[in-house]
Amino acid sequence: VGLDPQELDRALAEAQRMGRRIGEVLVDHGACTREQVARALAEQLNIPFRELEETFRLVQQDVQLCPETIARRYGMFCISHGEGDSQYVELVMKDPTNVEALDAVRGFTQLDIRKAIASPDRIDEIVDHFYREEIYIEENLQTLVDLEEDGEQALTPETSEADQLKILANDA
């Protein structure tokens, strides 16, 4: 990011005066993008910057490593790596300096944590997409449980075609 020294001095002064991070101020002033700030932070902290292309997918196992409340509160998600004693979690975060976030995931997973950073906007998109899918699945499972508790039969993938027709005929 090419900033002139005066612009950087003004941004530093504003950040100190307002109790904000310098990157936030620079983004607000249009001097750089959130992704450029994330890349610079990754370089400064010597941690990987993750390119998260449109085809990137979290697997269910990874979604379960980090509860939605933690993922949203701290702007992050987990990717598991390795097996057995060599298993660890890569924590892709907006703010890899947030010790509270690291401790929360470490306590929840009981695994070693390795930090990475990505574009904050892309992290939000991934959390929204994959945790919403989780909510949708949970809602559907709860509906099935409720139906069975009410004594009604529910259609499931395991329901035979003949039984599906009977259930649908009884609901009509």
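The coordinates are above.
All of these numbers come straight from a predicted model, not from anything done at the bench.

Colleague: Outline the sheet that holds strand β2 (residues 88-93), supporting the account with residue identities and numerical values.
Modeller: Whenever strands of a sheet pair, they do so through backbone hydrogen bonds, lying parallel or antiparallel. Taken in spatial order, the three strands make up an open sheet running β1-β2-β3, and their pairing is mixed. The open sheet is flanked by β1 (76-81) and β3 (112-117), the only strands paired with a single partner. Each adjacent strand pair in this sheet contributes to an overall mean axis angle of 30°, direction not counted. Strand direction decides the pairing type here: β1 and β2, joined by six bridges, are antiparallel.

Colleague: Quick one: what's the story with the nonpolar core, residue by residue and with numbers?
Modeller: Leu 58, Cys 66, Met 76, Phe 77, Leu 91, Val 92 and Val 105 are the most contacted members of the largest nonpolar core, which has 29 residues in total. For this core, the secondary structure elements donating two or more residues are α4 (60-65), α5 (68-74), β1, β2, α6 (99-109), β3 and α7 (120-149). For this core, the element with the most residues is α7, which contributes five residues. With residues up to four places along the chain from it excluded, the contact list for Leu 58 reads Val 63, Phe 77, Cys 78, Ile 79, Ile 126 and Phe 130.

Colleague: Account for the pattern of salt bridges, naming residues and giving values.
Modeller: Inspection of every chain in the model, using the stated rule, returns 13 salt bridges. In this structure, the salt-bridge partner of Glu 14 is Arg 20, at a minimum N-O distance of 3.9 Å. By relative accessible area, which is 17% here, Glu 14 ends up buried. One salt bridge connects Arg 72 with Glu 68, and the closest N-O pair in it is separated by 2.6 Å. Taken together, the positions of Arg 72 and Glu 68, both in helix α5 and four residues apart, correspond to about one turn of that helix. Here the salt bridges share partners, and the residues they tie into one network are Glu 14, Arg 20, Glu 24 and Asp 28.

Reading guide: rules and limits
Throughout, a residue's number is its position along its own chain's written sequence, starting from 1. Confidence filtering applies because this is a predicted model: local features only for residues at pLDDT of at least 70, side-chain atom pairs given and counted only at 80 or more, and all residues used for totals across whole chains, interfaces and linings. Only hydrogens and water are set aside when side-chain values are computed; all heavy atoms of the structure are taken into account. Strand pairing is defined by DSSP finding a minimum of two bridges between the two strands. Where helices and strands are cited, they refer to DSSP runs of H or I of at least four residues and of E of at least two residues respectively, numbered from the N terminus. Note on definitions: angles span 0 to 180 degrees between N-to-C directions of axes, and those axes are lines fitted to C-alpha atoms, for helices only across the stretch in contact. Among the buried residues, those of types Ala, Val, Leu, Ile, Met, Phe, Trp, Tyr and Cys that are joined through side-chain atoms within 4.5 Å form a nonpolar core. Each residue is assigned to one of three classes by its accessible area relative to the maximum for its type, calculated with a 1.4 Å probe on protein chains only: buried under 20%, partly exposed between the two thresholds, exposed over 50%. The contact criterion used is simple: two residues touch if any of their non-hydrogen atoms lie within 4.5 Å. By definition, a salt bridge exists where a carboxyl oxygen of Asp or Glu is found within 4 Å of a side-chain nitrogen of Lys or Arg.

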